[in-house]
Amino acid sequence: MNEPIVKTNTENGICIVTINRPQSLNALNSALLDALAESIENIRTDNEIKIVLITGSGDKAFVAGADISEMAEMNTVQALHFSRKGQDLLRKIETMDKVFIAAVNGYALGGGFELALACDFIYASSNAQFGLPEVTLGIMPGFGGTQNLPRLIGPNRSKELIFSGKMLGASQAEAWGIVNKVVEQGTVLDEAKNIAETMMKNGLTAIGFAKETIRSGLNMPKNAAILHESSIFGNLFSTFDQKEGMSAFLEKRKALFSNM
Ligand code: COA
């Protein structure tokens, strides 16, 4: 039987999504985008899943971009739909009240880099390479890269990367603030799992609201963002987790959050 192009495995609230087209360095074609969209929708509706780790199969690539052989045949309308399909998927990741961590185990190029950027943060193995090489193909990034990268590292470094198409190694990507942590090759998923397990012990409802407050606040004027923060902060005081977290501290015991 053929292996699925997207594999998911959930244990103790943490779901590992593995993009599985290693013969094409996990390049994103339409079928793979559809399969990923289905997995992400299943994750959205599964209340047991709180944290999602996305990685690529094999030791060479996370995702080496959108599938060039498929894109080569596209007309304008098809390319527009392809871009929207990728953007819709990545937007779902950005706006979902669950944590997404990209465990980048090799090349993260084009749509692969954009997928990693849509996650809440990136851990990378020392052999990881990041780049937006679209201009080397006569196109430009189309899955949110022209918007998400400048918001993360500023316009000037983004322009250098996008205009040159050059790749950044893992340590340079860490120095530029793209990657949170660089780890030894072969250990990135374990390292991502470790931080996910630490997060699982915390109030996950609060984490979901913090994610949304950070995301929406970055797109608001500061005054409105600060007011938004206070209102979400106040709302959390009607949760079970706030009562439990604070009682546990005062009673000198570990909090048992129920995410309510
Ligand atoms: N789309 C379609 N196929 C891709 C691909 C992509 N984005 N990236 C890699 N592949 C395929 C190759 O065509 C090759 O297939 P083949 O064995 O049938 O010829 C296979 O994956 C292995 O890639 P290969 O180029 O032989 O590996 P390499 O180690 O020599 O080079 C890369 C690795 C990542 C530098 C190179 O594959 C590359 O530049 N890929 C395209 C990156 C890109 O431009 N992405 C943005 C697209 S918008």
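Provided above is the structure to which this section pertains.
The present account deals with the structure reproduced in this document. Quantities reported herein were computed from a predicted structural model and do not represent experimental measurements.

**Focus: the site of the ligand**
By nearness alone, 17 residues border the ligand, and Lys60, Ala64, Ala66, Asp67 and Ile68 come closest of all. Taking alanine 66, its main chain carries an N or O atom lying 3.0 Å from a nitrogen atom of the ligand. Measuring from a nitrogen atom of the ligand, one finds a backbone N or O atom of isoleucine 68 at 2.9 Å. For the ligand, the accessible surface in isolation is 850 Å², of which the surrounding protein chains cover 58%. Going through the elements one at a time, helix H2 (68-71) and strand S6 (107-109) are the ones with two or more residues in the shell around the ligand. Tallied by class, residues from the shell around the ligand come to eleven nonpolar, three polar and three charged.

**Let's talk about the packing of helix H3 (residues 76-95) against helix H4 (residues 111-118)**
Axis separation between H3 and H4 bottoms out at 8 Å; the angle between their running directions is 20 degrees. Classified by the angle between their axes, H3 and H4 sit roughly parallel to one another. Contact residues: H3 offers Leu90, Ile93 and Glu94, while H4 offers Glu114, Leu115 and Ala118. Taken together, the residues of the contact of H3 with H4 sort by class into four nonpolar, no polar and two charged.

**Examining the pattern of salt bridges**
According to the stated counting rule, one finds twelve salt bridges in the structure shown. In this structure, aspartate 34 engages lysine 85 in a salt bridge whose closest nitrogen and oxygen atoms are separated by 2.6 Å. Taken as a pair, aspartate 34 in helix H1 (residues 30-45) and lysine 85 in helix H3 lie far apart in primary sequence, 51 residues in all. Using a relative accessible area of 31% as the deciding quantity, one classes lysine 85 as partly exposed. A salt bridge links glutamate 212 to arginine 215; the shortest N-O distance between them is 3.3 Å. Note that glutamate 212 and arginine 215 are positioned in helix H9 (residues 204-218) at a spacing of three residues, about one turn of the helix. Ionic contacts of the salt-bridge type, sharing partners, join the residues Glu41, Arg44 and Lys92 into one network.

Calculation rules
Residues numbered from 1 in each chain as written. Predicted model: local features only at pLDDT ≥ 70, side-chain atom pairs only at ≥ 80, totals over all residues. Heavy atoms only, no water. Near = heavy atom within 4 Å. Polar contact = N/O pair within 3.5 Å; in protein donor to acceptor, adjacent residues only side chain to side chain. Areas by Shrake-Rupley, 256 points an atom, 1.4 Å probe, with all protein chains shown as cover. Helix = DSSP H or I, 4+ residues; strand = E, 2+ residues; numbered from the N terminus. Nonpolar A, V, L, I, M, F, W, Y, C, P; charged D, E, K, R; others polar. Axes fitted to C-alpha atoms, helices over the stretch in contact; angles between N-to-C directions. Parallel < 35°, antiparallel > 145°, perpendicular 65-115°, else oblique. Contact = heavy atoms within 4.5 Å. Salt bridge = Lys/Arg side-chain N within 4 Å of Asp/Glu carboxyl O. Buried < 20%, exposed > 50% of the residue type's maximum accessible area, 1.4 Å probe, protein only.

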